[in-house]
Amino acid sequence: MRRLPLLIGGREVETEEWMAVTDPGDGTTIAEVAAGTDRDVDAAVESAAAAMVEWQALGPVGRARALERYAQVFNAGLGELAELMHAEMGKPLPEAQAEVARAGEVMTYFAAEAERVLVSQVPGATVASGSWIRPAPIGVVAAITPWNFPVALVSWKLGPALAAGCAVISKPAIEAPLAARRVCEMAIEAELPPGLVNCLTGDGPPLGEALATHPGVAKVAFTGSRRVAEQIAAWTAPRLKALSLELGGHGPLVVLPDADLDVTAEVAVMQGYANAGQACYSVNRVLAPPALAGDLLERMRERIAALELGPMATDRGFARHETLVADARERGATVEGGEPVGPNRLAPALVTGAGPGTMVVDEEPFTPIVTVMEMDDVDAAVAEANRPDYGLVGYVCGTDLRRTLEVAQSIDSGTVVINGWRVVTPFAPYAGWNGSGVGTELGRPGLEAFVRWQHLRVFA
Ligand code: NAD
């Protein structure tokens, strides 16, 4: 049995309490991780603050070289990270491999960005005078991440925070801490300053509170549920800490009358059931013209028949799925599939005949269930797309590009994907609008989210 200590100040730190990490496929314990306490949070914050001094002294070019080393170590370990993720949260290996490969691209991208943390000057009367505008690092960052994309979501915080000159304390979810911890360990192997990247495993609520209330933590970068986000916001608000919240979504797919139905079915099924529906960017509601709905459903069913989902990562998810299916049936909707097919495993569920007031249409499902809703016209589809209080990722399928872009702009969400299902690239911002969050990750705005601007007004 592997026992994995905390990582603080570039060293392994043992704790009194340990927590088991289980394989959700069969419930066996695969490792134990240290359960950090308030004292460990104090030590991690102290180490991070000290490491930031060393990190600052390197300057942007030195930091970029160091982050290139980190990205190399990370990219050399993709296979190992994918295996860990597959074991700890049940993500099928090909999906886990894709996730870590994309996370490697994020690390590479932000290593390059570290060199482009530029000071700008508005010149004054002499060459030295004027306004110098300096992007200073925001400070020590607490990165609190969920289990569903355990490597990607750590890389989205680590890459830009380190590039901006910050130090990071990672607190991965206890359901899947192994791959995220390994990512932090790689920072030590890449010889980043000790303490620049720390990892505190353990129980979410006490560690989350200790981090979010610690005077030495300047920013909390959180991805997870709205319930926990509100709690974290309540801790950070009176302490005036910076905060980013990347929360759940309720992805609409607006199908235009001229959509290619094979492309549309591919998008609906890929994004509806990827990661067994446990994805923030899932397609949850397919909003189709009545004349196309039957044909589209047939094409979706063909693709669904070929799917084999991994186990649900948590018992909560499994139980929630049963609740969603029962609620939909009680309210008169038709549910195809969705039954248990093995330990913690579900068949994909396809819902028709459901409308607002049904749980699956109003709340983020976060299980493998997609609802197809018939919409009389495009305006009605857009209104339904924007109805629930979310705004993470929307999808539009249509062949008239001008019309498709117009409709895409009317979708009230931080990302809209047109005629495809790939959502994320390192160079474009990813932001939850409305109830899906506050702040931005990735791209240039994602780097600047870890910056505080200093104006040096020089008279010389
Ligand atoms: P969660 O909110 O339960 O947990 C997220 C993190 O918070 C974990 O590290 C957990 O240990 C910690 N935590 C739990 N309770 C806490 C508390 N009381 N105080 C402080 N920290 C606490 O979320 P989850 O169930 O692991 O993740 C699922 C949610 O995350 C879904 O809503 C999903 O859509 C969302 N998500 C969003 C994005 C995005 O980028 N917008 C990406 C992935 C997942």
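Below, the structure is looked at part by part.

What counts and what doesn't
- Residues numbered from 1 in each chain as written.
- Predicted model: local features only at pLDDT ≥ 70, side-chain atom pairs only at ≥ 80, totals over all residues.
- Heavy atoms only, no water.
- Near = heavy atom within 4 Å.
- Polar contact = N/O pair within 3.5 Å; in protein donor to acceptor, adjacent residues only side chain to side chain.
- Areas by Shrake-Rupley, 256 points an atom, 1.4 Å probe, with all protein chains shown as cover.
- 1 Å grid on protein atoms, 1.4 Å probe; cavity = no way out; pocket = protein on both sides within 12 Å on 5 of 7 lines; lining within 4 Å.
- Sits in = over half its atoms within 2 Å of the grid points.
- Helix = DSSP H or I, 4+ residues; strand = E, 2+ residues; numbered from the N terminus.
- Buried < 20%, exposed > 50% of the residue type's maximum accessible area, 1.4 Å probe, protein only.
- Arc of directions from axis to C-beta.
- Contact = heavy atoms within 4.5 Å.
- Phe/Tyr/Trp six-rings, centres within 6.5 Å; stacked < 30°, edge-to-face > 60°.
- Lys NZ or Arg CZ within 6 Å of the ring centre and 35° of its normal.

### Re the site of the ligand
T145, W147, S225, L247 and E364 are the nearest of the 27 residues found near the ligand. A distance of 2.7 Å is found between an oxygen atom of the ligand and a backbone nitrogen or oxygen belonging to T145. One of the side-chain nitrogen or oxygen atoms of S225 is found 2.6 Å away from an oxygen atom of the ligand. Coverage of the ligand by the protein chains reaches 91% of its 850 Å² of free accessible surface. Its atoms largely coinciding with the cavity grid, the ligand occupies the largest pocket. Taken together, the elements giving at least two residues each to the shell around the ligand come down to α6 (204–213), β11 (219–223) and α7 (226–236).

### Observations regarding α7
Along α7, the positions that sit buried rather than exposed are A229, I232, W235 and T236. Down the axis of α7, the buried side of the element spans an arc of 120°, and every buried residue falls inside it. At its buried positions, α7 is contacted by β8 (141–144), α6, β11 and β12 (242–246).

### Regarding unusual backbone geometry
Of all residues except glycine, most have a negative phi; of all peptide bonds, most are trans. A positive phi angle is found at A276, which is not glycine, with a value near 50°. Structurally, A276 can be placed in the loop between α8 (261–273) and β14 (283–288). Judged by its relative accessible area of 4%, A276 is buried.

### Remarks on the packing of aromatic side chains
Summed over the entire model, instances satisfying the criterion amount to 4 aromatic pairs. A centroid spacing of 5.7 Å and a plane angle of 65° characterise the contact between W147 and F366, whose relative ring orientation is edge-to-face. Separated by 219 residues along the polypeptide, W147 in the loop between β8 and α4 (152–163) and F366 in the loop between α11 (359–362) and β19 (369–374) bring together distant segments of the chain. An angle of 45° between the planes, with centres 5.6 Å apart, marks the rings of F149 and Y281 as tilted. Of this pair, F149 sits in the loop between β8 and α4 while Y281 sits in the loop between α8 and β14; the two residues are 132 residues apart in sequence, bridging distant segments of the chain. Residue class for F149 comes out buried when judged on its relative accessible area of 10%. Here the guanidinium or amino end of R3 rests over the ring plane of W18, the centre of that ring lying 4.1 Å away. Cation over ring: K219 sits above F450, and NZ or CZ is 4.4 Å from the ring centre.

None of the figures reported here should be taken as evidence of function without further support.
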